[in-house]
Amino acid sequence: MTEQVLTVQCKLSPTDSQAEEMEDTLKAFADACNWIKQNTPAKLRNKVRIQGIVYQDVRAKFGLSANLAIRAINGVASNRKTAMKDYSSVKNFEPTSIDYDTTAGLR
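Asks: Can you help me understand the environment of Gln 56 in this one?
Replies: Residue position: Gln 56 is located in helix H2 (residues 47-62). For Gln 56, a relative accessible area of 59% translates into the label exposed. For the pair formed by Gln 56 and Ala 83, sequence separation is 27 residues and the distance between their alpha carbons is 26 Å.

Asks: I would appreciate a short explanation of the environment of Ala 28 in the present structure.
Replies: Looking at the element boundaries, Ala 28 is found in helix H1 (residues 16-38). Setting aside residues up to four positions removed in sequence, Ala 28 forms contacts with Phe 62 and Leu 64.

Asks: Explain the packing of H2 against helix H3 (residues 66-86) to me, please; I cannot follow it from the model alone.
Replies: If you want to describe how two helices pack, look at the angle between their axes and the distance between the axes. Look at H2 against H3: their axes get within 9 Å of each other, and the N-to-C directions meet at 135 degrees. Taken together, the axes of H2 and H3 are oblique relative to one another. Crossing of H2 over H3 shows right-handed handedness. Listed contacts from H3 to Lys 47, Ile 50, Gln 51, Val 54, Tyr 55, Val 58 and Arg 59 of H2 are Ala 66, Ala 69, Ile 70, Ile 73, Asn 74, Ala 77 and Arg 80.

Asks: Would you mind going over the packing of H1 against H3 with me for this structure?
Replies: Where H1 contacts H3, the two axes come as close as 9 Å, and the packing angle between them is 50 degrees. Overall, the two elements H1 and H3 adopt an arrangement that is oblique. Here the hand of the crossing between H1 and H3 comes out right-handed. Two secondary-structure elements touch here, H1 through Thr 25, Phe 29, Ala 32, Cys 33, Ile 36 and Lys 37 and H3 through Leu 68, Arg 71, Ala 72, Ile 73, Val 76 and Arg 80. Classifying every residue of the contact of H1 with H3 gives 8 nonpolar, 1 polar and 3 charged.

Asks: I would appreciate a short explanation of the pattern of salt bridges in the present structure.
Replies: Opposite charge on two side chains allows them to pair when their charged atoms are near. Per the stated rule, a full pass over the model turns up 1 salt bridge. Across the salt bridge formed by Lys 27 and Asp 31, the nearest N and O atoms sit 2.7 Å from each other. Highlighted residues: Lys 27 and Asp 31, both in helix H1, separated by 4 residues, approximately one helical turn.

Asks: Looking at this structure, I do not really get unusual backbone geometry. What am I missing?
Replies: A negative phi angle characterises most non-glycine residues, just as the trans form characterises most peptide bonds. Of note in this structure, Tyr 87 is not a glycine but carries a positive phi near 55 degrees. Within the secondary structure, Tyr 87 is located in the segment after H3.

Asks: Explain H3 here, please?
Replies: Owing to its 3.6 residues per turn, the α-helix brings residues three or four apart onto one side. The terminal C-alpha atoms of H3, which comprises 21 residues, lie 30 Å apart, in line with the 30 Å expected from a rise of 1.5 Å per residue. Buried residues along H3 sit in contact with H1 and H2. At the C-terminal side of H3, Tyr 87 shows a positive phi close to 55 degrees.

Asks: How should the nonpolar core be read in this particular structure?
Replies: The biggest cluster of nonpolar side chains holds 21 residues, and the ones touching the most others in it are Ile 36, Ile 50, Val 54, Val 58 and Leu 64. The set of elements that each furnish at least two residues to this core consists of H1, H2 and H3.

Rules and cut-offs
Residues numbered from 1 in each chain as written. Predicted model: local features only at pLDDT ≥ 70, side-chain atom pairs only at ≥ 80, totals over all residues. Heavy atoms only, no water. Helix = DSSP H or I, 4+ residues; strand = E, 2+ residues; numbered from the N terminus. Buried < 20%, exposed > 50% of the residue type's maximum accessible area, 1.4 Å probe, protein only. Contact = heavy atoms within 4.5 Å. Axes fitted to C-alpha atoms, helices over the stretch in contact; angles between N-to-C directions. Parallel < 35°, antiparallel > 145°, perpendicular 65-115°, else oblique. Left-handed = near helix turned anticlockwise from the far one by under 90°. Nonpolar A, V, L, I, M, F, W, Y, C, P; charged D, E, K, R; others polar. Salt bridge = Lys/Arg side-chain N within 4 Å of Asp/Glu carboxyl O. Expected span 1.5 Å × (residues − 1). Core = buried A, V, L, I, M, F, W, Y, C linked by side-chain atoms within 4.5 Å.

Spelled out as structure tokens, the structure:
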């Protein structure tokens, strides 16, 4: 059986309060990614090993949900793998996007 991935593109019209909450979440996610990058060995690219080192701290320091903490860890691991493959430097994370997966669920 082939897994089908659907992508939905939509325009949001949040209230001022909702927009502020989204901005805060974007910033917390980017800050968590940068903190993970700085507080784990630079050559470590295995997301499970990174998770074992920083998961609890990321949840506590940045107030992220379990899903977002795991997505931040995975983002750092993926970024490191790409940088190694491309012989480039590991990027800094900016609060411009956030990564959710299917375990986040829709409400």
